[in-house]
Amino acid sequence: MLVFNVGICQLGVVADKQSNICKARSMIAEAADQGSRLVVLPEMFNCPYQSELFSQYAEIYPEGPTIAMLAECAEKHKVIVVGGSIPERDEVGNIYNTCFIFNEQGKLIGRHRKVHLFDVDIKGGTVFQESKTLVAGSSMTLVDTSLGKIGVAICYDVRFPELARTMVLQGAEILVYPGAFGPVTGPAHWELLMRARAVDNQVYVIGAAPALNAAAEYKSYGHSIIVDPWARVLALANEVETVITSKIDFRTLNRVREELPLLRHRKPEVYRV
Ligand SMILES: O=C(O)CCC(=O)C(=O)O
């Protein structure tokens, strides 16, 4: 499909899992009512973003109320749902930061387990150790959909341009990043990174963040964003709970790639380390 709308549900995550699920359900409906064919949720939308809580909120596919809600909403509203992320437990007890992706029939078409875990210690700023409780995924996630090829990665994964480039070289036309940047790196890097991945790769980029919850231990920067292949910001939230939408038009992507043929001008033989 050449032209369609996409929506982001920037929901405020609270401690009560059931409330998060209900909120996601109603915001997906709102995005669909506004004409979105692809609806994106934020990282860890059923659970406060705290390592020690991930196990308590985790679900095992195909069980679990969050996973069931995503499938139901996709089928009911006939939309593709990129289900942000939730803690996922596998059969041997490992926990991943996982995005489940459902098509318009409510069928699972992809599952991205966050590849790059957020283990940082920024002096005077953010300290986070996802690897204390999470296991990293080990593969790239590209899904074929009725709207085109979509690459999905999660939050800190956006800092690795190689991942985005590889997805684009394999045909991705939209890169979707559920994320949850904080108050330190958010203002400094969130929009920059989303626009950088768009301009580097001449793709649409969608970054979906939770709204700011002032009572939460980890405070999301919000600022969900939709960027076009010329790195223009098509829609940008502030920090409050909201649905944002924008039109995606693949004629823009084709024109940008035709006029400025970056991807054809690459010289991979020069880039070897
Ligand atoms: O890369 C950043 O600055 C933030 C990353 C993050 O919050 C995450 O990966 O969950």
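Thresholds applied
Residues numbered from 1 in each chain as written. Predicted model: local features only at pLDDT ≥ 70, side-chain atom pairs only at ≥ 80, totals over all residues. Heavy atoms only, no water. UniProt positions renumbered as here; feature names shortened; annotations may be inferred. Helix = DSSP H or I, 4+ residues; strand = E, 2+ residues; numbered from the N terminus. Buried < 20%, exposed > 50% of the residue type's maximum accessible area, 1.4 Å probe, protein only. Contact = heavy atoms within 4.5 Å. Axes fitted to C-alpha atoms, helices over the stretch in contact; angles between N-to-C directions. Parallel < 35°, antiparallel > 145°, perpendicular 65-115°, else oblique. Left-handed = near helix turned anticlockwise from the far one by under 90°. Nonpolar A, V, L, I, M, F, W, Y, C, P; charged D, E, K, R; others polar. Near = heavy atom within 4 Å. Polar contact = N/O pair within 3.5 Å; in protein donor to acceptor, adjacent residues only side chain to side chain. Areas by Shrake-Rupley, 256 points an atom, 1.4 Å probe, with all protein chains shown as cover. 1 Å grid on protein atoms, 1.4 Å probe; cavity = no way out; pocket = protein on both sides within 12 Å on 5 of 7 lines; lining within 4 Å. Sits in = over half its atoms within 2 Å of the grid points. Phe/Tyr/Trp six-rings, centres within 6.5 Å; stacked < 30°, edge-to-face > 60°. Points joined across faces, edges and corners; volume = space filled by probe spheres on them.

- Labelled according to an unreviewed UniProt entry, the protein appears under the name Deaminated glutathione amidase, originating from Sporomusa silvacetica DSM 10669.
- Looking at the Sequence similarities (unreviewed entry) heading of the UniProt record, one finds this comment for the protein: "Belongs to the carbon-nitrogen hydrolase superfamily. NIT1/NIT2 family."

## Observations regarding the UniProt feature "domain: CN hydrolase" (unreviewed entry) in the protein
Line of reasoning, step 1. When the UniProt feature table is mapped onto this chain numbering, "domain: CN hydrolase" (unreviewed entry) sits at residues 4–250.
Line of reasoning, step 2. With 25% helix and 30% strand, the stretch residues 4–250 has end C-alpha atoms that lie 9 Å from each other.

## What about the environment of Ala58?
Line of reasoning, step 1. Summarising the element assignment, Ala58 is placed in the loop between α2 (54–57) and α3 (65–77).
Line of reasoning, step 2. Since its relative accessible area comes to 13%, Ala58 is described here as buried.
Line of reasoning, step 3. Counting along the chain gives 30 residues from Ala58 to Glu88, while the straight-line C-alpha distance between them is 5.0 Å.
Line of reasoning, step 4. Non-local contacts of Ala58, meaning those with residues more than four positions away in its chain, are made with Lys17, Pro87 and Arg89.

## As for the packing of helix α1 (residues 17–33) against α3
Line of reasoning, step 1. Two numbers describe how α1 lies on α3: the axes approach to 10 Å, and their chain directions differ by 15 degrees. It follows that α1 is roughly parallel to α3 by the angle criterion. Between α1 and α3 lies a crossing of right-handed hand. In contact with Lys17, Ile21, Ala24, Arg25, Ile28, Ala29 and Ala32 of α1, α3 contributes Pro65, Thr66, Met69, Leu70, Glu72, Cys73 and His77.
Line of reasoning, step 2. Its residues assigned to classes, the contact of α1 with α3 comprises nine nonpolar, two polar and three charged.

## Re the site of the ligand
Line of reasoning, step 1. For the ligand, the full set of nearby residues is Glu43, Tyr49, Lys114, Phe118, Cys155, Tyr156, Arg159, Ala180, Phe181, Thr185 and Tyr218.
Line of reasoning, step 2. With respect to the ligand, the side chain of Tyr49 contributes an N or O atom lying 2.5 Å from an oxygen atom.
Line of reasoning, step 3. Measuring from an oxygen atom of the ligand, one finds a side-chain N or O atom of Lys114 at 2.6 Å.
Line of reasoning, step 4. In isolation the ligand exposes 290 Å². Once the protein is present, 100% of that is buried.
Line of reasoning, step 5. Placement of the ligand is best described as lying within the largest cavity.
Line of reasoning, step 6. Of the residues in the shell around the ligand, the class split is seven nonpolar, one polar and three charged.

## Regarding the packing of aromatic side chains
Line of reasoning, step 1. Considering all chains together, one arrives at eleven aromatic pairs under this definition.
Line of reasoning, step 2. When the centroid spacing of 4.5 Å and the interplanar angle of 10 degrees are considered together, the rings of Tyr49 and Phe128 count as stacked. One end of the pair, Tyr49, is in the loop between β2 (36–40) and α2; the other, Phe128, is in strand β8 (residues 127–129), with 79 residues separating them in the sequence. When sorted by exposure, Tyr49 lands in the same class as Phe128, which is buried.
Line of reasoning, step 3. Plain terms: the ring middles of Tyr49 and Tyr218 are 4.6 Å apart, the flat faces sit at 70 degrees to each other, and that makes the pair edge-to-face. With a gap of 169 residues between them, Tyr49 in the loop between β2 and α2 and Tyr218 in the loop between β12 (204–208) and β13 (225–227) connect regions that are remote in the sequence.

## Side note on unusual backbone geometry
Glycine aside, a negative phi is what most residues show, and trans is what most peptide bonds show.
Line of reasoning, step 1. Cis geometry marks the peptide bond from Tyr61 to Pro62, where omega comes out at 5 degrees.
Line of reasoning, step 2. Position of Pro62 among the secondary structure elements: in the loop between α2 and α3.
Line of reasoning, step 3. Its identity as a non-glycine residue notwithstanding, Ala231 has a phi of 70 degrees, on the positive side.
Line of reasoning, step 4. With respect to the element layout, Ala231 can be found in the loop between β13 and β14 (233–236).
Line of reasoning, step 5. Given a relative accessible area of 7%, Ala231 falls into the buried group.

## What to know about empty space enclosed by the protein
Line of reasoning, step 1. In total, this model carries one cavity of 30 Å³ or more according to the counting rule given.
Line of reasoning, step 2. Quantified by volume, the largest cavity comes out at close to 60 Å³.
Line of reasoning, step 3. A class-by-class count of the residues in the lining of the largest cavity yields seven nonpolar, two polar and one charged.

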